[in-house]
Amino acid sequence: MKLYNIKIHNFRSIKDVTISALPYTLIVGENNAGKTNLITAIRMFYEDGGLKYQRERDFPKFQTDDADSWVELSLYTTQDEQDGLKKEYQTPDRILKVRRYFESDVGLAKSNQSNIYAYENGTLSANLFYGAKNISQAKLGRVIYVPAAGKIDETFKLTGPSPFRELVNLVMKKAMQESGSYSNLQKAFETFNEEFRKEEESSGLSISSLVDDINQHIKHWGVGFGIDINPIKPDDIVKSLLSHHLKDAGLGDHKVDVSAFGQGLQRHLIYTLLRLSSKYATKPAQTKKEFSPDFSLLLFEEPEAFLHPTQQEVLFRSLQDLSLQDDQQVIATSHSSKFVSKQITNLPGLVRVQKNRTCTETHQLGDETLATMLDDNLAPARLLGEDKNPDFDEDEKISEEMLHYFLWLDSERSEAFFAKHVIICEGASEKVFLD
């Protein structure tokens, strides 16, 4: 499953915004344009980190056309996933559309409900998507959110949700799919579960004797009581058994707490985990009778923060690699002209955000518009009759036009994406005076 389209209505600085979500989508724009509001709306759809809607904070302060506030996601499903959906949610184009209401003037936003509704036969249904809140949210994947900056303890904690824990879970889950030692651990737990219940300590007590005593007192109810020791899961290992530290080579490899280091190292560790997670091959998902996709959406705010240019370039490539996997997708916000210049090979995945007075607007180049633009650039060749030449290769010429864009959109020119206004200079001499 992959996110295909995002619509946001009446949320903070956003009145109505639609974004086409590619495997890797980069959101850029000047400060206070609304990039964080876009990310927060998606997080609030998933209630990531316990994030909940608050009218005073999240409903727009400008005049709106209605009292509704919602986020709508369109998700492209595989054929197996489509077959596992309830019949009323299935579509010929395999796109599942769901909308979560934060506010509704017709009563679709209720407390203690998911408030997620799906389209049925092309129309938004008044029935909650898969009913219960915990079921509906779990069926739409999960979000991994890495903030632009934060306290090191919060970023790397393992006892609760954190970017580090989420990414370690992601890596370990993939690694354990083919891990013989983890398979042996599971078998050992089965043996332990069976044998430990029978083992007695010096006084004759055991788990089995405890169960027998309990059952002796409740047998007249016609029920039996049992105790099992559950096999350990990857999440349990990360939460309860894993710890982390750094070794400072300058101190003789002594263990040092992560909090003793700065934000630069913190970000470097995060992007290192991302690079590692893209290395592990994911096994093809087995056909499931029930719709339960294993989908992770990585939301990364300003990944370039605290990284020098070379690291920024490596991280950009790593995020791209991560997004190419079937069950993962990346949406990043950035203030880096280097990130924009690297996006030249994926122009439709570049979203420019700007604020028009009080409202956030987005601008994105669609595939059809890009194809038309590249084709229009062949007009001079057609005018001169070059297309009549037997050796004229239209696809090759369009590829050359794409190369021209690649050469043109360097890091310096990409700064235009973060400006309110742009002055285009004809040549180097004009630029000297206008720089």
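Below, the structure is looked at part by part. (Residues numbered from 1 in each chain as written. Predicted model: local features only at pLDDT ≥ 70, side-chain atom pairs only at ≥ 80, totals over all residues. Heavy atoms only, no water.)

### A closer look at the overall build of the chain
So, step 1. The helix and strand inventory of the chain stands at 16 helices and 14 strands.
So, step 2. In the chain, which comprises 435 residues, the proportion classed as buried is 43%.
So, step 3. Residue pairs in contact within the chain that sit at least 24 positions apart in sequence constitute 68% of those at least 6 positions apart.
So, step 4. Entry remark: accessible area of the chain is about 24,500 Å², with carbon and sulfur atoms responsible for 52%. (Helix = DSSP H or I, 4+ residues; strand = E, 2+ residues; numbered from the N terminus. Buried < 20%, exposed > 50% of the residue type's maximum accessible area, 1.4 Å probe, protein only. Contact = heavy atoms within 4.5 Å. Areas by Shrake-Rupley, 256 points an atom, 1.4 Å probe, with all protein chains shown as cover.)

### As for the side chain of T333
So, step 1. With respect to the secondary-structure elements, T333 resides in strand β12 (residues 328-334).
So, step 2. For T333, a relative accessible area of 2% puts it in the buried group.
So, step 3. Once you skip the residues sitting within four places of it in the chain, T333 turns out to touch I27, K35, I39, F300, E301, E302, P303 and E304.

### Description of the environment of R352
So, step 1. With respect to the helices and strands, R352 occurs in strand β13 (residues 350-356).
So, step 2. Overall, R352 belongs to the buried group, its relative accessible area being 17%.
So, step 3. Reaching out from R352, the side chain makes a polar contact with the backbone oxygen of F417 at a distance of 3.1 Å.
So, step 4. Among the polar contacts made by the side chain of R352, one reaches the main-chain carbonyl oxygen of A419 at a distance of 2.6 Å. (Polar contact = N/O pair within 3.5 Å; in protein donor to acceptor, adjacent residues only side chain to side chain.)

### Section: the environment of E304
So, step 1. Tracing the backbone shows E304 in the loop between β11 (296-301) and α11 (309-323).
So, step 2. Not counting the four nearest positions on each side in its chain, E304 is found in contact with Q312, T333, S334, H335, S336 and F339.
So, step 3. Engagement of the side chain of E304 in a polar contact is seen with the side chain of S334, the distance being 3.2 Å.

### A closer look at the pairing of strand β14 (residues 359-364)
So, step 1. In terms of strand pairing, β13 meets β14 through 6 bridges, oriented antiparallel. Looking at the pairing, V353 lines up with T362 of β14.
So, step 2. Linking β13 back to β14 in an antiparallel pair, the connection comprises 2 residues, with R357 at a positive phi of about 60 degrees. (Pairing = 2+ DSSP bridges.)

### Observations regarding the sheet that holds β14
So, step 1. The mixed open sheet is built from 6 strands, whose spatial order is β8-β11-β12-β3-β13-β14. With partners counted over all chains shown, the strands left at the sheet margins are β8 (142-146) and β14, one partner each. With strand direction ignored, the average angle separating the axes of adjacent strands in the sheet is 20 degrees.
So, step 2. Sitting on the sheet, helix α1 (residues 35-46) touches β3 (24-28), β8, β11, β12, β13 and β14, and the angle it makes with β11 is about 150 degrees.
So, step 3. Contacting β3, β11 and β12, α11 crosses the sheet at an angle of about 150 degrees to β12. (Axes fitted to C-alpha atoms, helices over the stretch in contact; angles between N-to-C directions.)

### Focus: the pattern of salt bridges
So, step 1. Evaluation of the coordinates by the stated rule reveals 13 salt bridges.
So, step 2. Here R55 ties to E103 by a salt bridge, and the two come within 2.8 Å at their closest N and O atoms. With R55 in helix α2 (residues 55-58) and E103 in strand β5 (residues 95-103), this residue pair connects regions lying 48 residues apart in the sequence.
So, step 3. Take E103: its relative accessible area is 16%, and that puts it in the buried class.
So, step 4. Residue K338 is joined to E313 by a salt bridge in which the shortest nitrogen-to-oxygen separation is 3.8 Å. (Salt bridge = Lys/Arg side-chain N within 4 Å of Asp/Glu carboxyl O.)

### Concerning the sheet that holds strand β7 (residues 123-128)
So, step 1. The strand order across the open sheet built from 6 strands is β2-β1-β4-β5-β6-β7, with neighbouring strands paired in antiparallel fashion. Taken across any chain shown, the strands that pair with only one partner, and hence form the sheet edges, are β2 (14-20) and β7. Recorded for the sheet is a direction-independent mean angle of 25 degrees between the axes of neighbouring strands.
So, step 2. By the bridge criterion, 3 bridges tie strand β6 (residues 116-120) to β7 in an arrangement that is antiparallel. Counterpart to Y117 in the pairing with β7 is L128.

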